[in-house]
Amino acid sequence: MNNAQKYWQANIRLVIGCLLVWFFVSFGCGILFVNQLNAFHLGGYQLGFWFAQQGSIYIFVALIFFYAWRMNQLDRKFNVEEA
Amino acid sequence: MTDLMITTYIVVGATFALYLYIALVTRAKNTGEFYVAGKGIHPVLNGMATGADWMSAASFISMAGMLAMGGYDASAYLMGWTGGYCLLAMLLAPYLRKYGKFTVPEFIGDRFYSQTARLVAIVCLIIASLTYVIGQMKGIGVAFSRFMEIPFETGLFIGMGIVFVYAVLGGMKGVTYTQIAQYVVLIFAYTVPAVFISLQLTGNPIPQLGLGSTLSSGDGIYLLDKLDKIVVDLGFNAYTAQKGSTLNIFLLTMSLMIGTAGLPHVITRFFTVPKVKDARSSAGWALVFIAILYTTAPSVGAMARLNLTNTIQTGEVGSPEGNLSFDARPQWMHNWEKTGLLGFDDKNGDGKIQYYSDNGLSAAEADLATARKEGGNVAAAQAKVDEASAKHAESKFASFGWKGNEVTKVDNDIMVLANPEIAKLPNWVIALVAAGGIAAALSTAAGLLLAISSSISHDLLKGMIAKGINDKTELLAGRIAMAFAIIVAGYLGLNPPGFAAQVVALAFGLAASSIFPAIMMGIFVKRMNSAGAICGMLAGLGSTLLYIFWYKGFMFIPSTAMAPDNAANWLLGISPGSFGAVGALLNFVVAFTVSSFTKAPPEHIQHLVEDIRVPMGAGAAQNH
């Protein structure tokens, strides 16, 4: 396997990991398990409701910056950065 | 002229002067600057412009109203319209930036080495963008007519003129810098009233925290608990409880996410940054700026619902003194009644207003009135009214002497616009909200018009019809196409087809079921060939169109609908607006099946795919 293929594989692994989190916080916590999570509270918010209307959005933002940071690392590691 | 109107004219006029000034300073000199701003926009600024581009009149005006009335179920819009940016950042944006051309159809046409694929993409793009822009034009007209008390048409013409000057002159470069200014105006206009209202209700100035806090008036009761209790007392579903089916909420969220990532005017924004790594972070910055509004909206919605309910239900439910009297209703109610977006009817003649859920009685009565007026099936409508009123007679509300919900009309869209008036905020805040709503509509309209004009001049004209034209001719063609698109959008805004509200589902359905899967497979599946991609796009597009038309009528002509548009008739309870995700799935399945039986793409295409996967070697703007 050449360098570009290894880089691509590392990229795919990272994307899959990030998308699992993406799915878990929105479709998981915000929709599929919302009623179970609503038994817990975060201040005046029921937890599932908080994930659906607040939490998932904050995590989306963090996730994109994490992805961008890790990709920049991978670009350097595999020496495929732009000039 | 009232003080409020003078303030509004000053604030809105000042923002317009700013937009025009920016357009003059930053006007485009070549096609690179016209289509993609010369790829020199800093990622943070590009993120801000993307935010303004993305947040339309629907986000600014309608979303909080949908939350106020829908409660938990409207979360699908919050998650759907933000989660799509994760898909965009990780699956599309960096690779399209590496590819380094101007438009979405250009990528699809080159990657699938097929003019047919390019044409399908152009058609999807134009339909999706044009249907979207009609709503913006209408929003501009409404905002003008409400706040500056000029006719709807005049407001629309002023809006068209402003967009014309800065989009035609400035192209992407001018539009981008104007959108940065518009973002500042709209976010300020959205958050200032929210901060005031949160402070009034909970003592916490941060709306996101205020929504999870205790009420400053009550004895330590949480705002959301209080809201749940009061709406349940009035017969509505609890605000935080789920009403629709889980499957439908799931698919609606998924459709909106994929659709967001597939909307061409959003994708194009990521062609404007200097480097591949900037495309990744720029999506993050865009979402930061969008999240500021989207995390504030739930507070605005819930607090508006609480304020509205408390204004009408002033005391104990059922006690004669517990309701607002008709003659004492505040000025903002009078103002909105004039627009027809808010309506009352004292059904039991007690001089008070009762706002509660009468379990469909009012809706049945309204249907009966329509049937009488338009010669429908009166007997069937009468039977429904009898059934509903028999049910109502057994409810606790009948024993209070109530005879049906007396708030006969409350339009979702008034929630954000009336909010500062409900909370009795100063005039400059109300004027600011008007300027913010107009900024949101203008910025989105400009982005969409740019996407339409570039696909006409660059893809259709230069790419397919007149291949030999030079840069200067193409730029002129782009400007003419833009002017033409503004006139068409303005005309449709003045004479909105009856389906203006439903077409949003269509725009997202098309983007989700055709554009997103095609681009994604083009990047991630090296083996995908032209036959697979074209069949996939047609399958996604066709199934989604068929499903929407089945319930909404073919070409949205209601009489041609094949089945009534309600949950009982939907396939597995999937609403037409949620079908885009299913269409996308069909697209993937068909594309993989067809491509596995047909020839692999040629060598040079496989090299192209390998090339866009690594950032190294991305150049500046290329023009064939």
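Residues numbered from 1 in each chain as written. Chains lettered and ligands numbered in written order. Predicted model: local features only at pLDDT ≥ 70, side-chain atom pairs only at ≥ 80, totals over all residues. Heavy atoms only, no water.

1. Section: the overall build of chain B
Our working definition: A run of DSSP states H or I qualifies as a helix once it reaches four residues; a run of E qualifies as a strand once it reaches two. Both are numbered from the N-terminal end. This radius of gyration counts C-alpha atoms alone. The globule rule is 2.2 Å times how many residues there are, raised to the power 0.38. Exposed residues in this analysis have more than 50% of their type's maximum accessible area, buried residues have under 20%, and partly exposed residues fall in between, with area computed by a 1.4 Å probe over protein chains only. Between two residues, a contact is recorded if the distance between any of their heavy atoms is within 4.5 Å. Per-residue and other accessible areas follow the Shrake-Rupley method at a 1.4 Å probe size, with only the shown protein chains counted as cover for residues. Within this scheme the basic residues Lys and Arg register as positive and the acidic residues Asp and Glu register as negative, but His and the chain ends are omitted. In plain terms, the charge of a residue is placed at NZ if it is Lys, CZ if Arg, CG if Asp and CD if Glu.
Looking only at helices and strands, chain B has 24 helices and two strands in total. Over its C-alpha trace chain B gives a radius of gyration of 26 Å, about what one expects of a compact globule, namely 25 Å for 624 residues. Along the first, second and third principal axes, the C-alpha set of chain B runs to 80 × 55 × 50 Å. Sorting the 624 residues of chain B into buried and exposed places 60% on the buried side. Counting only contacts in chain B whose residues sit at least 6 apart along the sequence, the fraction spanning at least 24 positions is 81%. Looking at chain B as shown, the accessible area adds up to about 22,400 Å², and 64% of this sits on carbon and sulfur atoms. If the 40 positive side-chain charges of chain B are averaged to one point and the 38 negative ones to another, these points end up 13 Å apart.

2. Comments concerning the side chain of B:Ser114
With respect to the helices and strands, the residue B:Ser114 is situated in the loop between helix 6 (104-111) and helix 7 (115-147). Excluding its chain neighbours within four sequence positions, the residues that come into contact with B:Ser114 are B:Gly109, B:Ser530 and B:Ile534.

3. Describing unusual backbone geometry
Backbone phi values are negative for most residues with the exception of glycine, while trans is the configuration of most peptide bonds. One non-glycine residue with positive phi stands out, namely A:Asn79, at about 60 degrees. Mapping A:Asn79 onto the fold places it in the segment after helix 3 (47-77). The exposure class assigned to A:Asn79 is exposed, which follows from its relative accessible area of 58%. The phi dihedral of B:Tyr113 is positive, around 35 degrees, even though this residue is not glycine. Note on placement: B:Tyr113 falls in the loop between helix 6 and helix 7. The exposure class of B:Tyr113 is partly exposed, given its relative accessible area of 31%.

4. A few points about the packing of aromatic side chains
Residue and element names in this part refer to chain B. The test is simple: Ring pairs shown here join Phe, Tyr and Trp side chains whose ring centres sit within 6.5 Å, with only the six-membered ring taken for Trp; geometry is labelled stacked below 30 degrees between planes, edge-to-face above 60, and tilted in between.
A full pass over the atoms with the stated rule returns 30 aromatic pairs over all chains. Consider the rings of Trp 54 and Tyr 85, whose centres lie 6.2 Å apart with planes at 70 degrees: the pair is edge-to-face. Taken together, the residues span a long stretch of sequence, with Trp 54 in helix 3 (residues 43-54) and Tyr 85 in helix 5 (residues 75-99) at a distance of 31 residues. Judged on exposure class, the residue Trp 54 and its partner Tyr 85 are both buried. Here the aromatic rings of Trp 54 and Phe 508 are separated by 6.2 Å at their centres, their planes lie at 80 degrees, and the arrangement is edge-to-face.

5. What to know about the nonpolar core
Convention followed: In this description, a nonpolar core means a group of buried Ala, Val, Leu, Ile, Met, Phe, Trp, Tyr and Cys residues linked to one another through side-chain atoms lying within 4.5 Å. What marks off one domain from the next here is an automatic or database domain assignment.
Counting 219 residues, the largest nonpolar core has A:Trp22, B:Trp54, B:Phe60, B:Leu92, B:Ile108, B:Tyr294 and B:Ile519 as its most contacted members. Element by element, the count of residues in this core is highest for helix 8 (residues 152-202) of chain B, at 21 residues. Counting contributing residues per domain, this core is built from domain 1 (3-307 + 425-496) and domain 2 (320-422) of chain B, each supplying no fewer than three. Apart from the residues within four sequence positions on either side, B:Ile108 is in contact with B:Ala117, B:Ala121, B:Ala518, B:Ile519 and B:Met537.

6. Some details on the domain arrangement of chain B
Residue and element names in this part refer to chain B. The cut-off we apply is this: Joining two parts hides part of their accessible area as seen by a 1.4 Å probe, and the buried area is that hidden amount summed over both. Throughout this description, the term salt bridge denotes a Lys or Arg side-chain nitrogen within 4 Å of a carboxyl oxygen of Asp or Glu. Within 3.5 Å is the distance limit for a polar contact, defined as a pair of N or O atoms, with the added protein rule that one can donate a hydrogen and the other accept it, and that residues adjacent in sequence qualify only through two side-chain atoms. Ten residue types, Ala, Val, Leu, Ile, Met, Phe, Trp, Tyr, Cys and Pro, are classed as nonpolar, four, Asp, Glu, Lys and Arg, as charged, and the remainder, Gly among them, as polar.
Domain boundaries in chain B define domain 1 (3-307 + 425-496) and domain 2 (320-422). Here domain 1 and domain 2 have C-alpha centroids that lie 34 Å from each other. At the interface, 24 residues of domain 1 touch 19 residues of domain 2. Each partner contributes to the roughly 2,000 Å² buried at the junction of domain 1 and domain 2, and carbon and sulfur atoms together form 69% of this total. Counting across the domain 1 and domain 2 interface gives zero salt bridges. Scanning the region where domain 1 abuts domain 2 turns up three residue pairs in polar contact (both at pLDDT 80 or more). If you tally residues by element for the side of domain 1 that touches domain 2, the top one is helix 4 (residues 57-70), at eight residues. Residue classes in the side of domain 1 that touches domain 2 are distributed as 17 nonpolar, four polar and three charged.

7. Points about the interface of chain A and chain B
Residue-level contacts link 44 residues of chain A with 53 residues of chain B. Summing both partners gives a buried area of about 4,200 Å² for chain A against chain B, and 71% of it is carried by carbon and sulfur. The largest share of the area that chain A buries against chain B comes from A:Trp8, A:Ile64 and A:Glu82, three residues that together contribute 17% of it. Residue B:Arg280 pairs with A:Asp75 through a salt bridge whose shortest N-O separation is 3.0 Å. Our count for the contact surface shared by chain A and chain B stands at eleven residue pairs in polar contact (both at pLDDT 80 or more). No other element matches the 17 residues that helix 3 of chain A contributes to the side of chain A that touches chain B. In terms of residue class, the side of chain A that touches chain B is built from 28 nonpolar, 13 polar and three charged.

8. Let's talk about a nonpolar patch on the surface
Residues and elements named next belong to chain A. Put simply, the rule reads: Residues enter patches when their relative accessible area tops 30% and they take part in no salt bridge; the joining distance is 9 Å for like charges and 5 Å for the nonpolar side chains Val, Leu, Ile, Met, Phe, Trp and Tyr.
On the surface, Phe 23, Leu 32 and Phe 33 cluster together into a nonpolar patch covering about 260 Å² of accessible area. Relative to the helices and strands, Phe 33 resides in the loop between helix 1 (3-32) and helix 2 (34-37). Residue Phe 33 is classed as partly exposed on the basis of its relative accessible area, which comes to 43%.

9. A word on the environment of B:Gly404
By secondary structure assignment, the location of B:Gly404 is in the loop between helix 17 (396-399) and strand 2 (407-410). Beyond its immediate chain neighbours, meaning those up to four positions away, B:Gly404 contacts B:Lys347, B:Tyr356, B:Asp358, B:Leu361, B:Ser362 and B:His392.

10. A closer look at helix 11 (residues 246-262) of chain B
Convention followed: Between the first and last residue of a helix there are one fewer steps than residues, each counted as 1.5 Å, and that sum is the expected span.
Look at helix 11 of chain B: 24 Å from first C-alpha to last across 17 residues, which is about the 24 Å you get at 1.5 Å a residue. Most of helix 11 of chain B sits inside the fold, with 15 of its 17 residues counted as buried.

11. Considering the confidence of the model for chain B
Caution applies to low-pLDDT regions: their predicted coordinates should not be interpreted in detail. Cut-off, in case you're wondering: pLDDT measures the predictor's confidence residue by residue and takes values from 0 up to 100.
On average, residues of chain B carry a pLDDT of 83, and 93% of them reach 70 or more. Taken element by element, chain B is modelled with least confidence in helix 2 (residues 31-36) of chain B, mean pLDDT 67, and with most confidence in helix 23 (residues 580-597) of chain B, mean pLDDT 92.

12. Some details on the packing of helix 7 of chain B against helix 8 of chain B
Residues and elements named next belong to chain B. Put simply, the test is: Where helices are involved, their axes are fitted lines through C-alpha atoms of the stretch in contact, as for all axes, and angles between N-to-C directions lie from 0 to 180°. Any angle between 65 and 115 degrees counts as roughly perpendicular, while under 35 counts as roughly parallel, over 145 as roughly antiparallel, and the rest as oblique. For a crossing to be left-handed, the near helix must be turned anticlockwise from the far one by less than a right angle; the clockwise case is right-handed.
Following both chains from N to C, one finds helix 7 and helix 8 inclined at 120 degrees, their axes separated by 8 Å at the closest point. Looking at the two axes, helix 7 sits oblique to helix 8. Pair helix 7 / helix 8 crosses with right-handed handedness. Taking contact as the criterion, the partners of Met 137, Lys 138, Ile 140, Gly 141, Val 142, Phe 144 and Ser 145 in helix 7 are, on helix 8, Phe 152, Gly 155, Leu 156, Ile 158, Gly 159 and Met 160. A class-by-class count of the residues in the contact of helix 7 with helix 8 yields eight nonpolar, four polar and one charged.

13. Describing the pattern of salt bridges
Side chains that differ in charge, positive against negative, can pair when their charged atoms come close. Residues and elements named next belong to chain B. Throughout the structure, instances matching the rule amount to seven salt bridges over all chains. As a salt-bridge pair, Asp 611 and Lys 98 come within 3.4 Å of each other at their nearest N and O atoms. Note that Asp 611 is positioned in helix 24 (residues 603-612) and Lys 98 in helix 5, a separation of 513 residues in sequence. Given a relative accessible area of 6%, Lys 98 falls into the buried group.

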